[in-house]
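Structural description and commentary
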Amino acid sequence: MTRKIVAGNWKMNLDYSEAKVLLKELMAKKDEFNAEVELIICPPAPYLSAFAEVLKDQEWIKLGSQNNFFLENGAYTGEISPTQLKSLGVKYGIVGHSERRNNFNEDYSMLSKKVRALLKVGIIPIFCCGEQLQVRNSNVYKEFIMKQINDSLFKLKPEEIEKIIIAYEPIWAIGTGKTATSEQAQEIHHLIRTRIASQYDEKVAGNVGILYGGSCNAENAQELFRQQDIDGGLIGGASIDAESFLTIANAFE
Ligand code: PEP
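Just so it is clear, the model here is predicted, and its values are computed rather than measured.

1. Quick look at the nonpolar core
- The biggest cluster of nonpolar side chains holds 70 residues, and the ones touching the most others in it are Val6, Ile41, Ile149, Leu153, Ile192 and Phe225.
- The element that contributes the greatest number of residues to this core is helix α9 (residues 182-199), accounting for six residues.
- Once residues lying within four places of it in the same chain are set aside, the contact partners of Val6 are Val37, Glu38, Leu39, Ile40, Phe225, Gly233, Ile235, Phe245, Ile248, Ala249 and Phe252.
- Counting twelve residues, the second largest nonpolar core, distinct from the first, contains Ile5, Ala7, Ile126 and Leu211.

2. A few points about the pattern of salt bridges
- Following the criterion strictly, the structure yields 18 salt bridges and no others.
- Residues Lys29 and Glu243 are paired through a salt bridge, measuring 2.7 Å at the closest nitrogen-oxygen approach. With Lys29 in the loop between α1 (16-28) and β2 (38-42) and Glu243 in helix α12 (residues 242-249), this residue pair connects regions lying 214 residues apart in the sequence.
- On the accessibility criterion, Lys29 (17% relative accessible area) is buried.
- Beyond isolated ion pairs, a larger network of salt bridges with shared partners links Arg100, Glu106 and Lys114.

3. Quick notes on the packing of aromatic side chains
- Summed over the entire model, instances satisfying the criterion amount to ten aromatic pairs.
- Between the NZ or CZ atom of Arg100 and the centre of the ring of Phe104, over which it lies, the distance is 4.3 Å.
- One cation-aromatic arrangement involves Arg136 over Tyr141; the distance from NZ or CZ to the ring centre is 3.8 Å.

4. Section: the site of the ligand
- Inspection of the region around the ligand gives 15 residues, with Lys11, His97, Glu169, Gly175 and Ser215 positioned closest.
- Contact between the ligand and Gly175: an oxygen atom at 2.7 Å from a main-chain N or O atom of the residue.
- Gly237 has a polar backbone atom sitting 2.8 Å from an oxygen atom of the ligand.
- When the ligand sits alone it has 290 Å² of accessible area, and the protein chains cover 96% of it.
- Across the shell around the ligand, the residue classes tally to four nonpolar, eight polar and three charged.

Thresholds applied
- Residues numbered from 1 in each chain as written.
- Predicted model: local features only at pLDDT ≥ 70, side-chain atom pairs only at ≥ 80, totals over all residues.
- Heavy atoms only, no water.
- Core = buried A, V, L, I, M, F, W, Y, C linked by side-chain atoms within 4.5 Å.
- Buried < 20%, exposed > 50% of the residue type's maximum accessible area, 1.4 Å probe, protein only.
- Helix = DSSP H or I, 4+ residues; strand = E, 2+ residues; numbered from the N terminus.
- Contact = heavy atoms within 4.5 Å.
- Salt bridge = Lys/Arg side-chain N within 4 Å of Asp/Glu carboxyl O.
- Phe/Tyr/Trp six-rings, centres within 6.5 Å; stacked < 30°, edge-to-face > 60°.
- Lys NZ or Arg CZ within 6 Å of the ring centre and 35° of its normal.
- Near = heavy atom within 4 Å.
- Polar contact = N/O pair within 3.5 Å; in protein donor to acceptor, adjacent residues only side chain to side chain.
- Areas by Shrake-Rupley, 256 points an atom, 1.4 Å probe, with all protein chains shown as cover.
- Nonpolar A, V, L, I, M, F, W, Y, C, P; charged D, E, K, R; others polar.

Shown next as structure tokens:
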């Protein structure tokens, strides 16, 4: 394990009042969170500005975006630029979540541009990858996952890629309650780290945070985080409950 990271992806959940209540609940538990863990919450974009105000000067938890455009400004109605996110104090940005790949046709070339755009302004990308069930069952899953990483990330310079967080999220485990076993997750995390080491070097591979995502919850986080190459989790459903998020964040041994 190189880093300890727990990120909450709130997705398009909670209205503004509910989201404020959750933030308040998390803040009330501030002293109970393991201070060694990089804690991140990614609320819906319209709430980022107000959340940034509340969390100003609070280093214990950082804000992340769920999506960003790859250009800095201009006539792109509805899009949000990395520069705008940066100006709010956003420190991390999810890129390439399977829900965006599937619902919005985001392909490797767009994702690669989004990653670069975030890095350019100093926001750390949380790059998601992962296979569908039929790919998992076809036995080409390792190459499928490595192609996602190779095509979008392996042209980055060593000093760029080592800042990145990669989230391995098997699609068959996202929101399904069906978690990958710790062995299945470790196999992929180890593969990712080994390939980064051969593409770059061991030091770079050691610096990249690799998170597991897919029905990770208060019950299974400890077993997953115990694995050598699992540096933490990208948490969906269980992150919108303050007590579960706390238990997951404190699950590192
Ligand atoms: C996610 O969507 O990133 C995720 C991991 O969701 P869940 O934890 O709900 O499976």
